[in-house]
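# Structural features, examined
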Amino acid sequence: MLLHKITLEEFGAYSGRQTLNLLTKKNRPIILIGGLNGCGKTTLLDAIQLVLYGPRARCSGRGNRAYDTYLRESINRKADSTRGAGITVEFTVPVEGQEHYYKVARSWRTSGKSVKEFLNVFVDETYGERARSSRRAVKPEVKISPVLSANWADHIEDLLPLEVASLFFFDGEKIESLADPERAASVIESAVQSLLGVSTVEQLRADLVALQRRQRLSGEDQEVLDKIQNQEREFESADRDVEVANQELSRLRTQSDKAKKDLAAVEAAFKSEGGTLFERRKELESERDRVVQQLADIRAALVNVAAGPLPLLMLGKQLDEVRAQAEREQAAAQAGQVLGVLEQRDQWILELLGDDVPTQARDAVLKELDADRKKRTKTAKLEVNFDLPHNALSQLSALDQVLLSDTARAQDLLHAAAEAAEHLDQLKLQLEGVPAKSKVAALQAARGQHQDAVAVARAAVERAEERVAELKRRRTNISDALERSHQERVKTLIRAEEVQRIITYSEKARGTLERFGGALLKRHISRLEVAVLQSFNELMRKSGLIRDLRIDTDRFTISLSDADGEPIDPGRLSAGERQLLAVSLLWGLVKVAGNRLPSVIDTPLGRLDSRHREHLVERYFPNASHQVLLLSTDEEIDEHLLGRLKKSIAHTYTLVHDDTTFTTTVEPGYWWNTGEQHVA
């Protein structure tokens, strides 16, 4: 795993948005972050664990507080709690041989008395492939993954189990607790089990025990036979029940058919006596009244049509004469209007001809003009003049349209009246054929009784059919279960030998795994002893103080001995030496495990003298991991040690705290290469 970037937004003492680039450089694995006490170094360590593990994170500032309470109190006091805080960490990690780029963003805000938390996981699954094929830095192309966001707690356990992470993300207080060899036993056991893979062997042994338990037969062979016999008896009983139910269904169907025949006979007699008309009497009377009213309405409509211009149809010849007279009067009026205009036209033409026109031609024109005026004068004179209005023709045309419409309406009404009259005659004939009530009362009552009998018989048949269907389903289920039992019987006979073979071999496998687990544990413990002792000697200024180091394989406690083989009481070691022993233990675990995980170390040099500090700076920090985040005060990594460490540093930051606002900001550089302005 390689951390690329971490971004804090209004988290703890960190004000606004603060981002740290955590990428290392070749032979420069260290990211040095300086800050005075209370500036937020431990908060930064907590932030990495919180964004990855959420409520399971082992944050130093949480204590026994509830998770929601911790989140609420982690929002910067100067920030708006309803907008909340957030942490984003970006890292790469190999997954099934392919390097993936992850961006995990965890944020939260207050909502009334509750706290709402949000987790979004982005991933670029082709990052490693693109990075190998490109000679330049590749920009990640992350996309949100709803599946990873919903199941991040399980996925991070596959990438970096919490127990393993605790060995790589630690502070000075943890080193202090590991400085006691007795107290370090639980850490050693956890590391050996999870980090070195011994727990996998134990899990395999537990799985074999579970397999043996599952392989036990569900019962003895006789129990299987008894089960088959019971199911066979149940099947025989169910088959008899189906047979009885079918017989009852046949009987009820016969009764139902008889009831239907009796009803049909009564209905035929009832119909022959006019019973159908008797039942429809009220319906027929109601229909008769409706038709009478309909006929009256039609006749009233005919009267209304006749009250209009429709009777003028009897004066068709006279109307034609009036139309002809109107046309003549209109033509005479038009001719009279034109005569005056024609006289002016003739005078204009004579003037236009002038005196130059030959007399013969002039006389011919005058003759034609005079003939035209005489013709029009004759048209303008009428022998008879009724002085009809000028729009008489348009009025006659409108009258024609009205007469045409009323004629069609009158024909429709006459047709409807004829149909209604015919329908009324039929209804009257039917009503005349309705028998007296006394004649059909008995048949009507008998028909009602038979109808009730048919309904009862039909309901009984339906219930019987449902009963038969239910019994058939039960018989089918029993038959299927019996078939499965027979198959189980066959499988039982086959599996009996197989199960015994599985149990025998799993028992052998358990023994093999037990021996393998013991050997693996001893091998890892042996390697761990060498790695821890080697790391301790590299860090100690007193060479030869501890000649041998042993770890008990049962209790995982550490025992020390000197050059003479005499045991060393850990109490004889100074506080600094015990702290170096704790660092050696963590360093040795990392060496043996071989995991490429970043180390985050908070306040790493407490209680160490100058020589031990130099050893830690020169020998441990540059080699602790491929990526080392050091969170130090100015007294731990001072100007002198910074010079010793400089060749291994990729980035430096200073946490600048404002005592007036109680907020922290991140500035690039370390104290002695940024200036006094970064010292709070």
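Residues numbered from 1 in each chain as written. Predicted model: local features only at pLDDT ≥ 70, side-chain atom pairs only at ≥ 80, totals over all residues. Heavy atoms only, no water.

Below, the discussion takes up the overall build of the protein. Secondary structure assignment for the protein yields 20 helices and 15 strands. Taken over 680 residues, the protein has a buried fraction of 40%. For the protein, restricting intrachain contacts to residue pairs at least 6 apart in sequence, the fraction spanning at least 24 positions comes to 73%. Summing over all exposed atoms, the protein offers an accessible surface of approximately 38,800 Å²; the carbon and sulfur share of this is 49%. (Helix = DSSP H or I, 4+ residues; strand = E, 2+ residues; numbered from the N terminus. Buried < 20%, exposed > 50% of the residue type's maximum accessible area, 1.4 Å probe, protein only. Contact = heavy atoms within 4.5 Å. Areas by Shrake-Rupley, 256 points an atom, 1.4 Å probe, with all protein chains shown as cover.)

Under the definition given, this model contains 16 salt bridges. Residue R323 is joined to D320 by a salt bridge in which the shortest nitrogen-to-oxygen separation is 3.1 Å. Of this pair, R323 and D320 both sit in helix α13 (residues 316-353), 3 residues apart, which is roughly one turn of that helix. Among the salt bridges present, the one from D548 reaches R550, with a minimum N-O distance of 3.1 Å. Here R550 falls in the partly exposed class, since its relative accessible area comes to 46%. Taken together, the salt bridges that share partners define one network made up of D124, R130 and E141. (Salt bridge = Lys/Arg side-chain N within 4 Å of Asp/Glu carboxyl O.)

Glancing now at the pairing of strand β1 (residues 2-9). Of all 8 residues making up β1, 6 are buried, and the element is well covered by its neighbours. Bridge analysis of β1 against strand β4 (residues 85-95) gives 7 bridges, and the strand direction is antiparallel. Residue K5 lies in a different strand from β4, and its bridge partner there is E90. For β1 and strand β2 (residues 17-21), the ladder comprises 5 bridges, and the chain directions are antiparallel. Across the sheet, residue T7 finds its bridge partner in β2, namely T19. (Pairing = 2+ DSSP bridges.)

With that out of the way, let us pick up unusual backbone geometry. Look at E10: it is not a glycine, yet its phi comes out positive at around 50°. Inspection of the secondary structure assignment puts E10 in the loop between β1 and β2. In this structure, F662 is a non-glycine residue whose phi angle is positive, near 55°. With respect to the helices and strands, F662 occurs in the loop between β14 (649-658) and β15 (663-668).

Once that is clear, we can look at the packing of helix α1 (residues 41-53) against helix α5 (residues 152-159). Their axes nearest at 9 Å, the elements α1 and α5 cross at an angle of 120°. As far as their axial angle goes, α5 and α1 are oblique. Only W152, I156 and E157 of α5 make contact with α1, whose side of the interface consists of V51, L52 and Y53. Partitioning the contact of α1 with α5 into residue classes produces 5 nonpolar, no polar and 1 charged. (Axes fitted to C-alpha atoms, helices over the stretch in contact; angles between N-to-C directions. Parallel < 35°, antiparallel > 145°, perpendicular 65-115°, else oblique. Nonpolar A, V, L, I, M, F, W, Y, C, P; charged D, E, K, R; others polar.)

A few words now on the confidence of the model for the protein. For the protein, the average pLDDT comes to 80, and 81% of its residues sit at 70 or higher. Between residues 675-680, whose pLDDT stays under 50, and residues either more than four places distant or in other chains, the model counts 9 contacts. (pLDDT = per-residue confidence, 0-100.)

So, about the nonpolar core. Residues L52, F91, Y102, Y620 and F621 are the most contacted members of the largest nonpolar core, which totals 104 residues. The dominant element in this core, judged by the number of residues it contributes, is helix α17 (residues 575-593), at 9 residues. Aside from chain neighbours lying at most four places away, what touches Y102 is V89, E90, F91, V93, V95, V121, F122, V123, L148, W152, H155 and L159. Counting 13 residues, the second largest nonpolar core, distinct from the first, contains V291, L302, L310 and A420. (Core = buried A, V, L, I, M, F, W, Y, C linked by side-chain atoms within 4.5 Å.)

Here we come to the side chain of Q18. Here Q18 shows up in strand β2. On the basis of relative accessible area, Q18 is assigned to the buried category, the value being 9%. Among the polar contacts made by the side chain of Q18, one reaches the main-chain carbonyl oxygen of S15 at a distance of 2.8 Å. Q18 has contacts with I6, T7, L8, T664, T665 and V666, leaving out every residue within four places of it along the chain. (Polar contact = N/O pair within 3.5 Å; in protein donor to acceptor, adjacent residues only side chain to side chain.)

For α17, which comprises 19 residues, the first-to-last C-alpha distance of 27 Å matches the rise-based estimate of 27 Å (1.5 Å per residue) to within 8%. Counting buried positions over the 19 residues of α17 gives 15, a clear majority of the element. (Expected span 1.5 Å × (residues − 1).)

Taken together, 6 strands build an open sheet; the order of strands is β2-β1-β4-β5-β6-β7 and the sheet is antiparallel. Single-partner strands in this sheet number two, and they are β2 and β7 (143-144). Against the sheet, helix α2 (residues 67-74) makes contact with β5 (98-111) and β6 (114-124), and its axis sits at roughly 80° relative to β6, the strand it touches most. Packing of α5 onto the sheet brings it into contact with β4, β5 and β6, and relative to β5 it is tilted by some 140°.

In this structure the tally under the stated criterion is 6 aromatic pairs. Measuring from centroid to centroid gives 5.9 Å for F11 and W108, while their planes differ by 90°, and the two rings are edge-to-face. Taken together, the residues span a long stretch of sequence, with F11 in the loop between β1 and β2 and W108 in strand β5 at a distance of 97 residues. By relative accessible area, which is 1% here, W108 ends up buried. When the ring of W587 is compared with that of Y620, the centres are 4.9 Å apart and the planes differ by 65°; the resulting orientation is edge-to-face. Here Y620 lies in helix α18 (residues 610-620) and W587 lies in helix α17, a separation of 33 residues in the sequence. One exposure class covers both W587 and Y620, and it is buried. (Phe/Tyr/Trp six-rings, centres within 6.5 Å; stacked < 30°, edge-to-face > 60°.)

This next bit is on the sheet that holds strand β11 (residues 567-568). Spatial strand order, β9-β10-β11: 3 strands in an open sheet with antiparallel pairing. Looking at strand neighbours, the two that pair on one side only are β9 (548-551) and β11, the edges of this open sheet. Bridge count between strand β10 (residues 558-561) and β11: 2 bridges; the pairing is antiparallel. Considered in β11, the bridge of L560 is made with I568.

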